[in-house]
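One-letter residues, chain by chain:
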Amino acid sequence: MELYNLIIGSVAEDPSDILIFFGRIHPLVVHFPIGFLLLAALVELSLKKQHFQILKNYTHYLWGLGALSSLVAILFGYFLSLSGDYNENTVFLHKWSGIALFVFSAICYYASKKQVRLPFYGKKVLIAVIVLTVFYTGHLGGNLTHGATYLLEYAPNAIRSLAGMPKKAIPRKKVTVLDSADVYLDLVSPIMVNKCVSCHNNDKKKGALDLTTFEKLMQGGENGDVIVPGDVEASDFYRRITLSESHDDFMPAEGKRPLTENEIALIGWWIENNVPSKGYFTQMTPDDDIVGRAKAYLGLDVNLLFKEKVNPPKKKVIDSLSNQGFVLTKLMKDNYYLEANFSLSEKPISEASLETLIQLKEQLIWLNMSHSGIKDEHLEKIGQLHKLIKLNLSRNHITDQGLVQLSNLQNLESLNLYATKVSDSLLVVIPKFTKLNRLYLSSSNANSKIIEQLQKGNESLTIVFD
Ligand code: HEC
């Protein structure tokens, strides 16, 4: 009764759900006929040897199980074919070779059970056909789930050409400078390859939409065009990637990894700019925001510094600094870049401690010297730590005289000068830090005129000031 309710009850309520549920079991169920039938064939082969003759009375069980499980697989496969937008031709061949397998194995079952001799080499031929059909059907099934190119995707070119496939596409070179990035090939297409084409390709065309090439994308899906050039609002593609993730129409479907904010922004920008199918991205006058996002997407925003492997620091130096009140932290798992933090120390910094710190100049990229008694004369030493990316000098008695000593810190991305006495020298020093994107100047001696000028010189710099 329970089972009856489960099947019939839910069929009445929503016929497709339960069928799809069974359909999805198909890829699991198909392994049973494959196993039984290959085993049956093997046992038949072994009967040639006297030694194995005793198996003769059992072969019909194996053929029977093979036939029965094929039938179940066929049924579940049929349900699955109802749910999916699979390539019709492949489904047709897959279905009929599956049915052929059932018929052949049923004949073998009958022949073994009744011990009838099939005319001529009948049984041997039949068994050979079964084995070949098992592989053929399985291969078609694999194509349906993974796409026809899956099996040979990584095969050597010689094998690919035997199978009538083109040579492996030479992968596009990784973009190393933004100016060489192609708008479609390097920015738009990889987003779809990573997040969409597993369901939207030639073999598995969900919603009748194929996203493997620009032309196919522009052909649209079952509801027509998915992209309206120049109009994000009217583009179903854009609507679906920006819905809330719980919405039925949200893409990618089935809880697959959604697009990142940068990816969505790039797609939106591309649609607004009339979906160019090729051309250099930077020649299409993207604004700073979208350039930043493109860089981030291509991984061009990471500091080149990190590409370099640094040597481990000397243990003696680490121990000595720890004893003097520094907290040292390794920042990366596979590299020896370090953060040094002195802001928790009770004592003010000494000249000698900074002397020791300089011995870490190859490894040190973050330094926190907040409220540490730093004075102008100390900054000459800190100015030698040329790899610093983040420097916190807040709440120290630092003036313009000291600040100019830092001019060589070309890698700085973040500089904290909160509650210091710096003012005019900022206009000289800050423009030298081309990578700087955060500058903290609240409660310093800087005035709004200085801030205005700094901001004019570098629009991507965020200045925190009140
Ligand atoms: C896990 C499978 C899956 C993935 C991954 C996926 N989709 Fe879909 N997509 C579907 C299914 C199923 C449909 C049909 C049902 C529907 O319209 O919601 C569909 C339909 C669509 C449609 C509507 C086509 C039409 O004309 O009706 C668009 C547009 C679309 N997808 C875009 C995308 C985009 C863009 C991505 C990548 C960000 C993506 N999909 C990733 C499964 C997927």
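Scoring rules and cut-offs
- Residues numbered from 1 in each chain as written.
- Predicted model: local features only at pLDDT ≥ 70, side-chain atom pairs only at ≥ 80, totals over all residues.
- Heavy atoms only, no water.
- Pairing = 2+ DSSP bridges.
- Helix = DSSP H or I, 4+ residues; strand = E, 2+ residues; numbered from the N terminus.
- Axes fitted to C-alpha atoms, helices over the stretch in contact; angles between N-to-C directions.
- Near = heavy atom within 4 Å.
- Polar contact = N/O pair within 3.5 Å; in protein donor to acceptor, adjacent residues only side chain to side chain.
- Parallel < 35°, antiparallel > 145°, perpendicular 65-115°, else oblique.
- Left-handed = near helix turned anticlockwise from the far one by under 90°.
- Contact = heavy atoms within 4.5 Å.
- Buried < 20%, exposed > 50% of the residue type's maximum accessible area, 1.4 Å probe, protein only.
- Arc of directions from axis to C-beta.
- Patch = residues over 30% accessible without salt bridge, like charges linked within 9 Å, V, L, I, M, F, W, Y side chains within 5 Å.
- Areas by Shrake-Rupley, 256 points an atom, 1.4 Å probe, with all protein chains shown as cover.
- Salt bridge = Lys/Arg side-chain N within 4 Å of Asp/Glu carboxyl O.
- Lys, Arg positive; Asp, Glu negative; His and termini not counted.
- Charge placed at Lys NZ, Arg CZ, Asp CG, Glu CD.
- Donors = N, O, S within 2.8 Å, 3.2 Å for Na, K, Ca; no water.
- Tetrahedral: all angles 85-135°; square planar, octahedral: opposite > 155°, others 65-115°.
- pLDDT = per-residue confidence, 0-100.

Asker: What is the right way to look at the sheet that holds strand 2 (residues 338-341) in this model?
Answerer: Pairing between the strands of a sheet is mediated by backbone hydrogen bonds and can be parallel or antiparallel. An order of 1-2-3-4-5-6-7 is seen for the 7 strands of this open sheet, with the pairing classed as mixed. Taken across any chain shown, the strands that pair with only one partner, and hence form the sheet edges, are strand 1 (327-330) and strand 7 (462-464). Here the average twist between neighbouring strands, direction ignored, is 15 degrees. Bridge analysis of strand 3 (residues 364-368) against strand 4 (residues 390-392) gives 3 bridges, and the strand direction is parallel. Paired with Leu367 across the strands is Leu391, a residue of strand 4.

Asker: Sorry if this is basic, but what is going on with the site of the ligand here?
Answerer: Taken together, 23 residues sit near the ligand, with Cys196, Cys199, His200, Asn223 and Met251 positioned nearest. Between His200 and the ligand, the recorded distance is 2.8 Å, taken from a side-chain N or O atom to a nitrogen atom. One of the side-chain N or O atoms of Arg240 is found 3.0 Å from an oxygen atom in the ligand. For the shell around the ligand, the element with the most residues is helix 11 (residues 236-242), which contributes 4 residues.

Asker: Just checking my understanding: could you explain the side chain of Ser97 for this structure?
Answerer: Mapping Ser97 onto the fold places it in helix 6 (residues 88-113). Looking at Ser97, its side chain comes within polar contact range of the main-chain oxygen of His94, at 3.2 Å.

Asker: Just checking my understanding: could you explain the packing of helix 4 (residues 31-46) against helix 5 (residues 59-83) for this structure?
Answerer: Packed helices, taken two at a time, are described by their axes: the angle between them and the distance between them. In the contact formed by helix 4 and helix 5, the axes pass within 8 Å of each other and the chain directions differ by 155 degrees. Relative to helix 5, the element helix 4 is oriented roughly antiparallel. The two elements helix 4 and helix 5 meet at a crossing, and its hand is left-handed. Contacts between helix 4 and helix 5 involve Phe32, Pro33, Phe36, Leu37, Leu39, Ala40, Ala41, Val43 and Glu44 on the former and, on the latter, Thr59, Leu62, Trp63, Leu65, Gly66, Ser69, Ser70 and Ala73.

Asker: I keep staring at helix 13 (residues 288-298) and nothing clicks. Help me out?
Answerer: Side chains of residues three or four places apart in an α-helix project in the same direction, reflecting 3.6 residues per turn. The set of residues buried in helix 13 consists of Ile290, Val291, Arg293, Ala294 and Leu298. Take helix 13 and look down its axis: the buried residues cluster within an arc of 160 degrees, on one side only. Contacts from the buried residues of helix 13 go to helix 9 (183-195) and helix 12 (261-272). In the segment just after helix 13, Gly299 is the residue with positive phi, at about 70 degrees.

Asker: Would you explain a nonpolar patch on the surface in this entry?
Answerer: Taken together, the side chains of Phe92, Leu93, Trp96 and Tyr136 define a hydrophobic patch exposed on the protein surface, amounting to about 440 Å² of accessible area. A per-element tally of the nonpolar patch places helix 6 first, with 3 residues. Within the fold, Phe92 resides in helix 6.

Asker: Help me understand a positive patch on the surface, please; the structure alone is not making it clear to me.
Answerer: Residues Lys48, Lys56, Arg117 and Lys124 make up a contiguous surface patch of positive charge. Locating Lys124 in the fold gives a position in helix 7 (residues 122-146). Overall, Lys124 belongs to the exposed group, its relative accessible area being 52%.

Asker: Please explain the coordination of the iron atom of the ligand as it appears in this structure.
Answerer: Reference values for angles at a metal are 109.5 degrees in the four-donor tetrahedral case and 90 or 180 degrees in the six-donor octahedral case. The iron atom of the ligand binds to the protein through His200 (NE2) and Met251 (SD), with metal-donor distances spanning 2.1 to 2.2 Å. For the iron atom of the ligand, the 6 donor atoms in the first shell make angles of 85 to 179 degrees at the metal, a pattern classed as octahedral. With His200 in the loop between helix 9 and helix 10 (214-219) and Met251 in the loop between helix 11 and helix 12, this residue pair connects regions lying 51 residues apart in the sequence. What makes His200 buried here is its relative accessible area of 9%.

Asker: Sorry, what's going on with helix 19 (residues 448-457) here?
Answerer: Taken together, the buried positions of helix 19 are Ile450, Ile451 and Leu454. Seen end-on, helix 19 carries its buried residues on one side only, within an arc spanning 100 degrees. Exposed side of helix 19, more than 90 degrees from the buried face: Ser448, Lys449, Glu452 and Lys456 are the residues found there. Against the buried residues of helix 19 lie helix 18 (426-429), strand 6 (438-440) and strand 7.

Asker: Explain the confidence of the model for the protein chain to me, please; I cannot follow it from the model alone.
Answerer: Caution applies to low-pLDDT parts of the model: their predicted coordinates are not meant to be read in detail. Averaged over all residues, the pLDDT of the protein chain is 88; the fraction at 70 or higher stands at 94%. Scored below 50 in pLDDT, residues 4-13 makes 8 contacts in the model with residues more than four places away or belonging to other chains.

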